[in-house]
Amino acid sequence: MTWLITAIVGIYLLYLWLSGGGLRQQATKVTRFPTLLIFAHPVLAVSALACWVVYVLTLDPLFAWSSFGVLSASALLGFTMFTRWLGGGRHARGAEQRFPMVAVLLHGAVGVTTFVLVLLTAAVASGA
């Protein structure tokens, strides 16, 4: 459930960024959110979710740890975007300026919760 909430809020933030001209601003360097960063974060999160689904179906701890590893990479990219967004005037000069604080904090908090739950489940699944 936490994964679903994180995804819904993340899709909302991506929509705001795209509708605010996020991709158009890349060419003029108005934004400090590189396109690769913007799209790699959700691609990694979806890949981690796919590993998680395989774990749930097979109960093989390897897939739980794979999910955690890929989710860790996605979380690092998310943290990078968050710190750039917090930078305000220096970094958030494009479409990301209009992100609602509540949506950003909710996405991050539920994302961290998902991260911890995946870690704990992987640890329990492998008997650690």
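Since this is a predicted model, take the numbers as computed values, not measurements. (Residues numbered from 1 in each chain as written. Predicted model: local features only at pLDDT ≥ 70, side-chain atom pairs only at ≥ 80, totals over all residues. Heavy atoms only, no water.)

Considering the environment of W65
Spelled out, the test is: Numbering of helices and strands runs from the N terminus; a helix is a DSSP stretch of H or I covering at least four residues, while a strand is a stretch of E covering at least two. Whether two residues touch is decided by their heavy atoms; if any such pair falls within 4.5 Å, the residues are in contact. The definition of a polar contact used here is a pair of N or O atoms within 3.5 Å, where within protein one atom must be able to donate a hydrogen and the other to accept one, and adjacent residues in sequence count solely through side-chain atom pairs.
With respect to the helices and strands, the residue W65 is situated in helix α4 (residues 61-86). Separated by 56 residues in sequence, W65 and T121 place their C-alpha atoms 9.0 Å apart. Residues within four places of W65 in sequence aside, it is in contact with L119, A122, A123 and S126. Polar side-chain contacts of W65 include one of 3.4 Å to the backbone oxygen of A122. One polar contact links W65 to S126, side chain to side chain, over a distance of 3.3 Å.

Some remarks on the packing of helix α3 (residues 35-58) against helix α5 (residues 101-125)
Applicable threshold: To get an axis, fit a line to the C-alpha atoms, keeping to the stretch in contact for a helix; angles then go from 0 to 180 degrees between the N-to-C directions. Here a crossing is taken to be left-handed if its near helix is turned anticlockwise relative to the far helix by less than a right angle, and right-handed if that turn runs clockwise. Gly counts as polar in this scheme, as do all residues outside two lists: the nonpolar Ala, Val, Leu, Ile, Met, Phe, Trp, Tyr, Cys and Pro, and the charged Asp, Glu, Lys and Arg.
One can describe the packing of α3 onto α5 by two numbers: an axis separation of 13 Å at closest approach and a directional angle of 35 degrees. As for the relative orientation of α3 and α5, their crossing is left-handed in sense. Facing α3, whose interface residues are H41, W52 and Y55, α5 presents H107, V118, T121 and A125. A class-by-class count of the residues in the contact of α3 with α5 yields four nonpolar, three polar and no charged.

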